[in-house]
Amino acid sequence: MAHEREQLQDSFISPGAIVLADCRAVTFETTADRVSEMSDNHKQPDNKTYIAKCAVLVKDEDSFAKAHIFAEQTAALGLNTIVFGSFDVACTWLGLSTIEMEQLVASIDV
């Protein structure tokens, strides 16, 4: 959650940015209340940027359900979020090259 707050405060992220949140390697061991808390980050008046489109990429049904709660809650704030199980489809929806994004993701040292 701290990472998301940092992104929303980062003036180097262009307003109207598109985001690919690749959550395939994580497990969402959280509650619906914590998901709501994360969604609430997007309505803080001191945010320096806003996200135009967000593709959340997940690997399993439980993660999908929790990410879908986030998508529904942020939709009320004007954030266009869709949850995907396919990297290719998520990239296509964002208008990104799947090949370029695969190379970029592979180059990130986590």
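This write-up is about the structure you can find in this document. (Residues numbered from 1 in each chain as written. Predicted model: local features only at pLDDT ≥ 70, side-chain atom pairs only at ≥ 80, totals over all residues. Heavy atoms only, no water.)

**Things to note about the packing of aromatic side chains**
For any pair of aromatic rings, geometry is given as the distance between the ring centres together with the angle between the planes. Within the structure shown, the criterion is met by 1 aromatic pair. Each ring, one from Phe-84 and one from Trp-93, has its centre 5.7 Å from the other, and the planes form 45°; the classification is tilted. A residue is classified by how much of its surface remains accessible, and Phe-84, at 10% relative accessible area, is buried. For Trp-93, a relative accessible area of 22% translates into the label partly exposed. The ring centre of Trp-93 lies 4.3 Å from the NZ or CZ of Lys-53, which sits over that ring. (Phe/Tyr/Trp six-rings, centres within 6.5 Å; stacked < 30°, edge-to-face > 60°. Buried < 20%, exposed > 50% of the residue type's maximum accessible area, 1.4 Å probe, protein only. Lys NZ or Arg CZ within 6 Å of the ring centre and 35° of its normal.)

**With respect to the nonpolar core**
Among the nonpolar cores identified, the biggest contains 12 residues, and these are Ala-17, Val-19, Cys-23, Ile-51, Cys-54, Val-56, Val-58, Ala-67, Phe-70, Ala-71, Leu-79 and Val-83. When residues of this core are traced back to their parent elements, those giving at least two are β1 (17-22), β2 (51-57) and α3 (61-75). (Core = buried A, V, L, I, M, F, W, Y, C linked by side-chain atoms within 4.5 Å. Helix = DSSP H or I, 4+ residues; strand = E, 2+ residues; numbered from the N terminus.)

**A look at the packing of helix α4 (residues 87-94) against helix α5 (residues 98-107)**
Running from N to C, α4 and α5 cross one another at 115°; their axes reach a closest spacing of 9 Å. With respect to their mutual orientation, α4 and α5 come out roughly perpendicular. Where α4 crosses over α5, the two elements pack in a sense that is right-handed. Two secondary-structure elements touch here, α4 through Phe-87, Asp-88 and Cys-91 and α5 through Thr-98, Met-101, Glu-102 and Val-105. Residue classes in the contact of α4 with α5 are distributed as 4 nonpolar, 1 polar and 2 charged. (Axes fitted to C-alpha atoms, helices over the stretch in contact; angles between N-to-C directions. Parallel < 35°, antiparallel > 145°, perpendicular 65-115°, else oblique. Left-handed = near helix turned anticlockwise from the far one by under 90°. Contact = heavy atoms within 4.5 Å. Nonpolar A, V, L, I, M, F, W, Y, C, P; charged D, E, K, R; others polar.)

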